[in-house]
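Chain by chain, the residues run as shown.
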Amino acid sequence: MSFAFTLLGQIGVRYGAVAVELPVGKPQSLLAALLLNANRLVPVESLVDALWDEAPPRSAVANVRTYAVRVRRLLADPETAAGSRLLGRERAYRIAVQPGELDLAEFTELAAQGRAALRAGDAARATERLIAALACWRDDHAGAGLVRAGALGQRLAALDGERLRTAEDLVDARLALNHHDVLIGELRRTVVEHPLRERSWGQLMLALYRAGDVAGALHCFLEARAALCREMGVEPGPELLRLHAAMLARDPALNETSPVVAADAAPAPPLVMHRPRPEPPRQLPPGPAVLVGRDQAAGGVLAAVDAGARIVCVYGPPGAGTSAFAAHAAHLLAPRYPDGQLFVQLGPATDTGAAAAHLLHSLGVADEAVPRGLAARTARLRTAFASRRVLLLADGVDDVTQVRPLLPAGQGCLAVIAASRPLPTLDGAVLVPLPPLPPRDAVELLRRALGHERAECEDPAVLRELAERCEGLPMALRIVVARLQGRPDRSIGACAERLREPCGRLDELHVHDLSIRESLATRCATVSTTAMGALRTLVRLPGPVTLPQLAVASALGAARARDALDELLDAQLVTGDGAGGHHAAPLVRLFAADVIDADV
């Protein structure tokens, strides 16, 4: 049984009749980059360039290798769990694709055959081959849904342009077959969707002229000129100008068609070159399988939206499950936004301009209609949102500047933001804090996730201890559950015992892509060096720490210590007790102590 790889639309993999579930984000982008170079070795450095823009993270090479491990597992033979199609060499990877398995290869071959037939004057065969080529596309955009960053974004945009070129070749073939009457409506839709395609404007002019509508053809030229001047500040090119001049002169050559067509040949039935508008985007990531203790927060979000809120900002300490809860809330609200639900993953290294382009592509804006520059893309995005009822879920937000340019301005839209801190400067935003779960809810989450049968086999005190060691953080609880599910022979009590020792607790709270240490490191990276130094000082002091105590112990002085403490409070790394004292949670203290030891 063979694989089937699809890239001309949403990226996908099938093994026989079974769809392979792909991880979202960068692993999908890695697979797309490899499929674009099928059966060729791609150096790791080239993959880094493909996945990131000008400033990849320091860990980019290591990240590529991690993504490759995940993709390699997916491309192993499901029946034998061996023989993966992803092959690794020293600092390079290659994906093995057999003939007939990749839609891009089929499209390329069919399009080449169609163009060869067109050059040879065989318009009928050209039409047949080009129709088959365009049928390989399941969407107007290659890699639909992928963030178009780095060299990968450029390659995917080039593929979109190749689809448009092939569609224009098909129009030429059909014009040669004298199908101008049925082409007029299709070409009008084309120039609306792609107003900068001079070749399409020329084809529409020619179809109108051959249909006897000379005035319409000449007016079409004026429309093309206006669009080019408005959008690009340029006049029509020489080919369009020559066509216009020939029409003014009533050049008989404009009515010539392909000599291979018999005079009495019946016109072909209309071809729907432009499929109906694609289904609205449904990009929300899956919500949590088990959600406990968040009913009040969910009710608050729904009430806020009912009252007219257009921005909801969910925030909490590292590991509080803000991403999972935001996805859950977005799914609850999705039926209210029939024009689509969009998802964007942000972060410190995110190119907001690339994220804006990704959203525009998701809303059906053609690549050549996406302007350059963040300000222009923001304006175009707000225009696209204005006539739609769309929900935008933005995850990983550390700073308001990351997300503000992407927010919809339309009254019928909603933005749900999962953030590391409250974002009060977003005008009208409803702030929804997610504190750690209380012990009772944390224990209930463990019971549901593990299964009541297994949970009931243990002393209830053991579950309470586990919940306490995890500090009520849903991420930590999920890690514990994953570890226990992966080791059915290990008792819950043994897991609790492994978490008793503080020195190894952060190491235990790590499984696959879930890590409390990594979550804490990511959050600490969002605060200043001064604030991080203040946190190191705070965790060395006993009891709740007051601002004067911190100012003296850190030698920062009152003003700088206050600013640093405010940063830590905003980042949810420190909490206040309401009486002037401040403290860090035990896991934060453990992480900060590790950082101190590493710096010694």
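Residues numbered from 1 in each chain as written. Predicted model: local features only at pLDDT ≥ 70, side-chain atom pairs only at ≥ 80, totals over all residues. Heavy atoms only, no water.

**Some points on the overall build of the protein**
When helices and strands are counted, the protein shows 26 helices and 15 strands. Across the 600 residues of the protein, 49% fall into the buried class. For the protein, long-range pairs separated by at least 24 residues make up 69% of all intrachain contacts whose partners lie at least 6 apart in sequence. (Helix = DSSP H or I, 4+ residues; strand = E, 2+ residues; numbered from the N terminus. Buried < 20%, exposed > 50% of the residue type's maximum accessible area, 1.4 Å probe, protein only. Contact = heavy atoms within 4.5 Å.)

**What about the nonpolar core?**
With 54 residues, the main nonpolar core has L446, L466, V480, L509, I516 and L535 as its most contacted residues. Counting residues in each nonpolar core, the second largest holds 47 residues, with F3, Y15, V64 and Y93 among its members. (Core = buried A, V, L, I, M, F, W, Y, C linked by side-chain atoms within 4.5 Å.)

**Description of the sheet that holds strand β4 (residues 42-43)**
Spatial strand order, β4-β6-β5: 3 strands in an open sheet with antiparallel pairing. At either margin of the open sheet sits one strand with a lone partner, and together these are β4 and β5 (86-89). Where β5 meets strand β6 (residues 92-95), 4 bridges bridge the pair, whose relative direction is antiparallel. Pairing of L86 across the sheet is with I95, part of β6. Lying on the sheet, helix α1 (residues 26-35) is in contact with β4, β5 and β6; it crosses β6 at an angle near 75 degrees. (Pairing = 2+ DSSP bridges. Axes fitted to C-alpha atoms, helices over the stretch in contact; angles between N-to-C directions.)

**Points about the confidence of the model for the protein**
Counting all residues, the mean pLDDT for the protein is 85, and 93% of those residues have values of 70 or more. For the stretch residues 258-277, pLDDT sits under 50, and the model shows 33 contacts to residues farther than four places along the chain or on other chains. (pLDDT = per-residue confidence, 0-100.)

**Here we look at helix α24 (residues 547-554)**
Among the residues making up α24, those that are buried are L550, A551 and S554. Down the axis of α24, the buried side of the element spans an arc of 100 degrees, and every buried residue falls inside it. Along α24, exposed side chains directed more than 90 degrees from the buried face belong to P548 and V552. Buried residues along α24 sit in contact with α23 (529-540) and α25 (558-570). A555 occupies a position one or two residues after α24 and carries a positive phi of about 60 degrees. (Arc of directions from axis to C-beta.)

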